[in-house]
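Topology and contacts: notes
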Amino acid sequence: MSTPRHTAVVGLQWGDEGKGKVVDLLTAKHDVIVRYNGGANAGHTVVIGDEKYALHLLPSGILSGGRTCVIGNGVVVDPEKLLQEIEGIRERGIAITPDNLLISDRAHVVMPYHKEHDAALERVLSSAAEGGPGLSIGTTKRGIGPTYADKIHRSLAIRMGELRDEDHLLERLKVICAIRSRELTALGVDAPPLDPHELAGRFAAYGQQLREHITDTVYALHDLRNEGRSLLFEGANACLLDIDHGTFPYVTSSNCSTLGIPAGTGLSAPCADDVVGIMKAYTTRVGAGPFPTEDNGADGERIRERGNEYGTTTGRPRRCGWLDLVAVRYSAMICGATSIACMLLDVLSGFDELKICSSYRLPDGSITDRFIPDARRLLDAEPIWETLPGWADEIDAIEDRADLPPEAIRYLDRIEEILGIPIHLVSVGPERTQTLEGTRC
Ligand code: IMP
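Computed from a predicted structure; not experimentally measured.

Some remarks on the packing of helix H3 (residues 112–128) against helix H4 (residues 144–153)
- Packing of H3 against H4 brings their axes to within 7 Å, and their N-to-C directions diverge by 120°. Accordingly, the angle class assigned to the pair H3 and H4 is oblique. In this structure, the crossing between H3 and H4 has a hand that is right-handed. Residue-level contacts link Tyr 113, His 114, His 117 and Asp 118 of H3 to Ile 144, Pro 146, Thr 147 and Asp 150 of H4.
- Grouping the amino acids of the contact of H3 with H4 by side-chain chemistry returns three nonpolar, three polar and two charged.

Laid out in structure tokens, this is it:
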């Protein structure tokens, strides 16, 4: 028996790089698909034939038969959303069983008051900031930050395993609801106090529906690895949104780089033999925060329309701009990327010229090729552009990388050169078939 290879897939920009498609493609080569971070803030779109699947909590591998999908302890789970997603998938004829979906009993539960807190704080911060510097993060309002905050704060947190015991849940919620109701009122939420009995009943019912899936995924993952199964780690969000290494405070609340894998699964590092860093052929960002290569003019608008750059989770138009390779190179370093998947190259067809940024000019006139994860300092970084010729023809029907227009090949070569990492996969459309595999390096 050959030694199984374990792979991690991780976004190298600010999210929405097309990780769902790559995970879906790599699922064929792996037995176990693992989510280790984030929650329903993520949105992974997979297109199979005429069907489009938008997954937020379920690992994308659920769409392929015969795989074990694991929601690890590092994920924050909104049980209502998860059950809706499970139902939607079942309606399309895909079975979800205790064998193909395992949910960590240690994953933290997103409660309704977390989502209310998230939305209320954003509201308060955006009105407080009128005329001044922006303080709101532009979150997805899925309760991600408040749930992770409860995890770190400990006393008021609820884990998935607790949903199996309604009496215990009720006792805890009596205290939690009293405190949370006061906090929500202080944030200007005009609603009746939270009802612990209603919440305990509702969430215990969710726990009942998910009961067969909730388990100790740490031992399960070790067992699967020891049995020789190959693991695929599906990173949600992206490296530049990592709580420690992203553009803080305009980040999400988990370690979405590959550094989150050990803590979010209970597997010791190094967890993956191959780390596939996913990048778009350009850059996008949703929500607030610095974005040096953002283009607020016609080029950015054209990228948005051609790339259908609207959020999978919130529907918000994404901010668009040219490729920032300072940022990608930094993320590839943090994540230990061993290869690159370059997505959405087809979106760039029809531009006369394309711009790439591989260094920044700082306010003191100096030039750096190092990323600046400090959001305030990054605001002052000015991209230094390199201009490459574009190509006119559509490339979405091309099946071989060598058949791409010479300008597209040159664009990819230049990316490889700057990153020093081979591009193993190029995507020229949403379908599984619109993928050019193999490297020129
Ligand atoms: P939160 O994760 O909802 O707290 O949002 C924090 C920031 O991360 C916001 O700017 C969101 O738009 C951004 N964000 C969170 N998840 C994703 C994602 O999967 N793709 C893109 N942006 C995301």
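Read on for the rest.
Description of the domain arrangement of the protein chain
- One can read the domain layout of the protein chain as domain 1 (7–104 + 214–275), domain 2 (108–209) and domain 3 (278–437).
- Each of domain 1 and domain 3 has a C-alpha centre, and the two are 24 Å apart.
- Listed per partner, the contact involves 42 residues of domain 1 and 45 residues of domain 3.
- Buried surface at the junction of domain 1 and domain 3, summed over both partners, amounts to about 3300 Å²; 58% is from carbon and sulfur atoms.
- If you sort the residues of domain 1 by the area they bury against domain 3, Leu 12, Trp 14 and Lys 21 come out on top, with a joint share of 23%.
- On the surface where domain 1 and domain 3 come into contact, there are two salt bridges.
- Between Arg 318 and Asp 16 there is a salt bridge whose closest N-O contact spans 3.3 Å.

What to know about the site of the ligand
- Close to the ligand lie 16 residues, the nearest being Asn 41, Thr 140, Asn 237, Thr 252 and Arg 316.
- The contact in question runs from an oxygen atom of the ligand to an N or O atom on the side chain of Asn 41, over 2.9 Å.
- Here an oxygen atom of the ligand and a side-chain polar atom of Arg 316 are 3.0 Å apart.
- Taking 470 Å² as the accessible area of the ligand by itself, protein coverage stands at 96%.

Concerning the nonpolar core
- Ranked by internal contacts, the top residues of the largest apolar core, which has 71 residues, are Leu 345, Tyr 411 and Ile 415.
- Here this core spans two domains, since at least three of its residues come from each of domain 1 (7–104 + 214–275) and domain 3 (278–437).
- One finds Leu 55, Val 109, Leu 163 and Tyr 206 within the second-largest nonpolar core, a separate group that totals 56 residues.

Observations concerning unusual backbone geometry
- A cis geometry characterises the amide bond from Phe 248 onward to Pro 249, with omega recorded as 5°.
- The topology assignment puts Pro 249 in the loop between strand S10 (231–234) and helix H8 (260–265).
- Omega for the bond connecting Ala 269 with Pro 270 falls within 30 degrees of zero, at -5°, which places this linkage in the cis form.
- When you line up the elements, Pro 270 lands in the loop between H8 and strand S11 (274–280).
- Not every positive phi belongs to a glycine, and Lys 141 is a case in point at roughly 60°.
- Along the chain, the position of Lys 141 falls in the loop between H3 and H4.
- Since its relative accessible area comes to 42%, Lys 141 is described here as partly exposed.
- A positive phi angle, close to 75°, is found at Arg 154, a residue other than glycine.
- Among the secondary structure elements, Arg 154 is positioned in the loop between H4 and helix H5 (166–186).
- Residue classification places Arg 154 among the exposed positions, given a relative accessible area of 64%.

The rules behind the values
Residues numbered from 1 in each chain as written. Predicted model: local features only at pLDDT ≥ 70, side-chain atom pairs only at ≥ 80, totals over all residues. Heavy atoms only, no water. Axes fitted to C-alpha atoms, helices over the stretch in contact; angles between N-to-C directions. Helix = DSSP H or I, 4+ residues; strand = E, 2+ residues; numbered from the N terminus. Parallel < 35°, antiparallel > 145°, perpendicular 65-115°, else oblique. Left-handed = near helix turned anticlockwise from the far one by under 90°. Contact = heavy atoms within 4.5 Å. Nonpolar A, V, L, I, M, F, W, Y, C, P; charged D, E, K, R; others polar. Domains from an automatic or database assignment. Buried area = accessible area lost by both parts, 1.4 Å probe. Salt bridge = Lys/Arg side-chain N within 4 Å of Asp/Glu carboxyl O. Near = heavy atom within 4 Å. Polar contact = N/O pair within 3.5 Å; in protein donor to acceptor, adjacent residues only side chain to side chain. Areas by Shrake-Rupley, 256 points an atom, 1.4 Å probe, with all protein chains shown as cover. Core = buried A, V, L, I, M, F, W, Y, C linked by side-chain atoms within 4.5 Å. Buried < 20%, exposed > 50% of the residue type's maximum accessible area, 1.4 Å probe, protein only.

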